Amino acid sequence: IDIAGPETDHWLKGNYHRIFQDGLEYNLQLTEKYGGAVRIHALLGEEQLYVSDPRALHHIVVKEQDVYEETDMFIMGNKLIFGEGLISTLGEQHRKQRKMLNPVFSLANMRDLLPTIQPIADQLCDLLVSKITAGEQEIDIVPWTSRGALEYICQAALGYTFDALNPEKTSEYAEALRRFSPTALRLILIRPFVPFFVRNFSLQWRNRIMDWVPIKPLKEFRRIVEVMHRTCKGIYADKKSAIEGTLVDGSLKLNEPQGATGFRSRGRDIISILLRANRSSNVRDMLTESELLGQMNTIIFAGFETTAIATSRLLYLLASRPDAQARLRREVRAAKMAHVGDSARWQDVNLSYDVLMGLPYLDALVRETLRVYPPTSLLSRTTRKSTVLPLEFPVRSASGQEVTSIPLPENTTVIISILAANHNKEIWGEDASDWRPERWLTSTGERVRLSDGENPPDGYVVVERSEEEDKVPGNRNGIKYPGVYASMMTFLGGGRACIGFKFAEMEMKQVLTTLLSTLHFSLPAEKEIYWKMNGLQVPVVRPPAGDGQTPQVPLKIRLVRDDDY
Ligand code: HEM
């Protein structure tokens, strides 16, 4: 690849360890120094392209998405783990699945889902309140945001509760999901061999090899996958028979929950909607049973840690910025008071979808947090044939020439830097790396109009196409990123963009409005919380107060007082 970039740092690891392990600064420096396309060194010196240029990303994720596909390692690994879900399929099969699944995540379905998941935010809030024994208590919020996110996605996707917010309770499935990422991380060096094994060994032989090899994390991972698969299969079978057996007047009548765990949503959950849509679609578009099953663990996996991390980050930022916390609390109180109706206390008001999604400051906070700190920072693709990648902003070739497009041979790996795109000064302005929620508001505190790709719910201020448009964040002289969420790349864009981004937004907003009505958050004085960017974001406490390793966000929490507004 004839593009300038850093020298290799290590004969084996290239620049990869600096990019993927605690790599925030390094990633931003790469783009600062070399621009929107950088030649980097991967394992064993392989050359790859690191991309954040807006036109290049438009080509990769939208215009030529069939040329820039997921790597074999990603697709084959995911198929072994999750089955035939969205993140394990390519081309026509993937398009067919999206066609069936996109309407399942429609605004109408999200609106319907919101009231059914409010009890989870209430339970999370009650749980934190119950932990405050003295006037103010230091609580590590990571286990609770994580259990909350698990409960959210399980109830929303499966209509099933594993009672994850009950501290006394451990379910085999919830435990498997929690162990998934740490165990997968320990197998990172084994993953590149997956395509070789899938191509050259039958399932029977692969199982035998797994029985023989003395790699402990591999055995643990196999057990985790087995639990995930078995559980989803059971839930799927129950749902299917419920839909086939008790479909009365088009509404699903599922059993009341038995004990603490069991079905909750009475058919409003994502998989029930999907099963009904599938039954009523024509044979050509129908998904097979294996594809339906594959979506279950895929959606749970994709929607769990990402949202848990984002919620922890939001609470951490609010704790570090008391002014932002007070402003948000004022906005929430005003909205709840306006809808207090029969509720005795404004704190107990549950905001409707449209009111929740239309709160300007809350929206600005969530957007800015997901822009500056995208939970998934780096993705990879590989070229399926030789091609030429055009750039918006020229970069330098290895010999220093200015180039506006880059020829790429077949099988070149391209790293999509969501992080660098969201921090691009050319697009977001000189303060691109500053966390400044106000950038999403007009001078009178209303929401600015967002990119055309997004379906604006009520409450947007529409700025006419003119120089005003340039005041919209992420839009410079008509140049913007092809993201589905304003012009940021946090949820990607194109045919493989995050299907659950509206759900993620809704969940985070519901949790924040619920918690902030009752609780006040601040930073502990003697602990420095530091966020490592290791693929996903990992918060740790720096030594000497912490070990710098264990994921945690200790915050001081107390009940809200009158002067907290
Ligand atoms: C803040 C939270 C979230 C972030 C930052 C996020 C980000 C992303 C990104 C960057 C992708 C593209 C991945 C790739 O192409 O390799 C993606 C895909 C996906 N996301 Fe999300 N996501 C979030 C929450 C969710 C939620 C809550 C759900 C489910 C309810 C979900 C379901 C999915 C699925 C199924 C895909 C695969 C789509 C496809 O390949 O067609 N995500 N997400």
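The structure presented is a predicted model; accordingly, all values stated were derived computationally and were not measured.

Cut-offs used in this document
Residues numbered from 1 in each chain as written. Predicted model: local features only at pLDDT ≥ 70, side-chain atom pairs only at ≥ 80, totals over all residues. Heavy atoms only, no water. Helix = DSSP H or I, 4+ residues; strand = E, 2+ residues; numbered from the N terminus. Rg over C-alpha atoms; globule rule 2.2 N^0.38 Å. Buried < 20%, exposed > 50% of the residue type's maximum accessible area, 1.4 Å probe, protein only. Areas by Shrake-Rupley, 256 points an atom, 1.4 Å probe, with all protein chains shown as cover. Donors = N, O, S within 2.8 Å, 3.2 Å for Na, K, Ca; no water. Salt bridge = Lys/Arg side-chain N within 4 Å of Asp/Glu carboxyl O. Axes fitted to C-alpha atoms, helices over the stretch in contact; angles between N-to-C directions. Left-handed = near helix turned anticlockwise from the far one by under 90°. Contact = heavy atoms within 4.5 Å. Nonpolar A, V, L, I, M, F, W, Y, C, P; charged D, E, K, R; others polar. Patch = residues over 30% accessible without salt bridge, like charges linked within 9 Å, V, L, I, M, F, W, Y side chains within 5 Å. Near = heavy atom within 4 Å. Polar contact = N/O pair within 3.5 Å; in protein donor to acceptor, adjacent residues only side chain to side chain. Pairing = 2+ DSSP bridges.

**Observations regarding the overall build of the protein**
Thinking step 1. Within the protein one finds 19 helices and 16 strands.
Thinking step 2. In terms of overall size, the protein behaves like a compact globule, its C-alpha atoms giving a radius of gyration of 24 Å where 565 residues would be expected to give roughly 24 Å.
Thinking step 3. Based on the C-alpha atoms only, the size of the protein along its principal axes is roughly 70 × 60 × 55 Å.
Thinking step 4. Looking at the protein residue by residue over its 565 residues, the buried ones come to 54%.
Thinking step 5. Summed over its atoms, the accessible surface of the protein is roughly 24800 Å², and 53% of this surface lies on carbon and sulfur atoms.

**Describing the coordination of the iron atom of the ligand**
Thinking step 1. Coordination of the iron atom of the ligand by the protein comes from a single atom, C498 (SG), at 2.3 Å.
Thinking step 2. For C498, the position within the fold is in the loop between α18 (425-428) and α19 (501-518).

**Observations regarding the pattern of salt bridges**
Thinking step 1. Scanning the entire structure with this criterion turns up 40 salt bridges.
Thinking step 2. R384 serves as the salt-bridge partner of E69, at 2.8 Å between the closest nitrogen and oxygen. Separated by 315 residues along the polypeptide, E69 in strand β3 (residues 68-69) and R384 in the loop between β9 (378-383) and β10 (387-396) bring together distant segments of the chain.
Thinking step 3. For E69, a relative accessible area of 14% translates into the label buried.
Thinking step 4. The class for R384 is partly exposed, based on a relative accessible area of 25%.
Thinking step 5. Salt bridges sharing common partners tie together D363, R367, R447, K502, E505 and K509.

**What to know about the packing of helix α8 (residues 172-186) against helix α13 (residues 289-320)**
Thinking step 1. Axis separation between α8 and α13 bottoms out at 11 Å; the angle between their running directions is 65°. Between α8 and α13 lies a crossing whose hand is right-handed. Contacts from Y173, L177, R178, F180 and S181 of α8 reach α13 at N297, I300, F301, F304 and E305.
Thinking step 2. Here the contact of α8 with α13 is built from residues that sort into 6 nonpolar, 2 polar and 2 charged.

**Things to note about a nonpolar patch on the surface**
Thinking step 1. A grouping of W11, L12, L43 and L44 is seen on the molecular surface, where their side chains present a nonpolar patch of about 450 Å² in accessible area.
Thinking step 2. Within the secondary structure, W11 sits in the segment before α1 (16-20).

**Topic: the site of the ligand**
Thinking step 1. As a matter of local geometry, the ligand sits amid 26 residues, with H94, R98, G303, R381 and C498 nearest to it.
Thinking step 2. In this structure, an oxygen atom belonging to the ligand sits 2.8 Å away from a side-chain N or O atom of R98.
Thinking step 3. Contributing elements (two or more residues each) for the shell around the ligand: α5 (91-101), α13, β9 and α19.
Thinking step 4. The biggest single contributor to the shell around the ligand is α13, with 5 residues.

**Regarding the sheet that holds strand β2 (residues 47-51)**
Strand-to-strand pairing in sheets goes through backbone hydrogen bonds, with the strands running parallel or antiparallel.
Thinking step 1. Ordered by their spatial adjacency, 5 strands build an open sheet running β1-β2-β12-β9-β3, and the pairing between neighbours is mixed. Each edge of the open sheet carries a strand with a single partner, namely β1 (37-41) and β3.
Thinking step 2. Where β1 lies against β2, 5 bridges are found, and the strand directions are antiparallel. Bridge pairing in β2 links H41 to E47.
Thinking step 3. Along the sheet, helix α3 (residues 54-63) contacts β2, β3, β9 and β12 (413-417); its crossing angle with β12, the most-contacted strand, is approximately 115°.

**Side note on the pairing of β1**
Thinking step 1. Counting buried residues along β1, 5 of its 5 residues qualify, which places the element largely inside the surrounding structure.
Thinking step 2. Both faces of β1 are covered, namely the face carrying A37, R39 and H41 and the face carrying V38 and I40.
Thinking step 3. The hairpin formed by β1 and β2 contains 5 residues between the paired strands, and L44 there has a positive phi angle of roughly 55°.

**Re the side chain of S52**
Thinking step 1. Structurally, S52 can be placed in the loop between β2 and α3.
Thinking step 2. For S52, a relative accessible area of 2% corresponds to the buried category.
Thinking step 3. When near neighbours in sequence (up to four residues on either side) are disregarded, S52 contacts T31, G35, G36, L57, S417, A420, A421, N424 and Y481.

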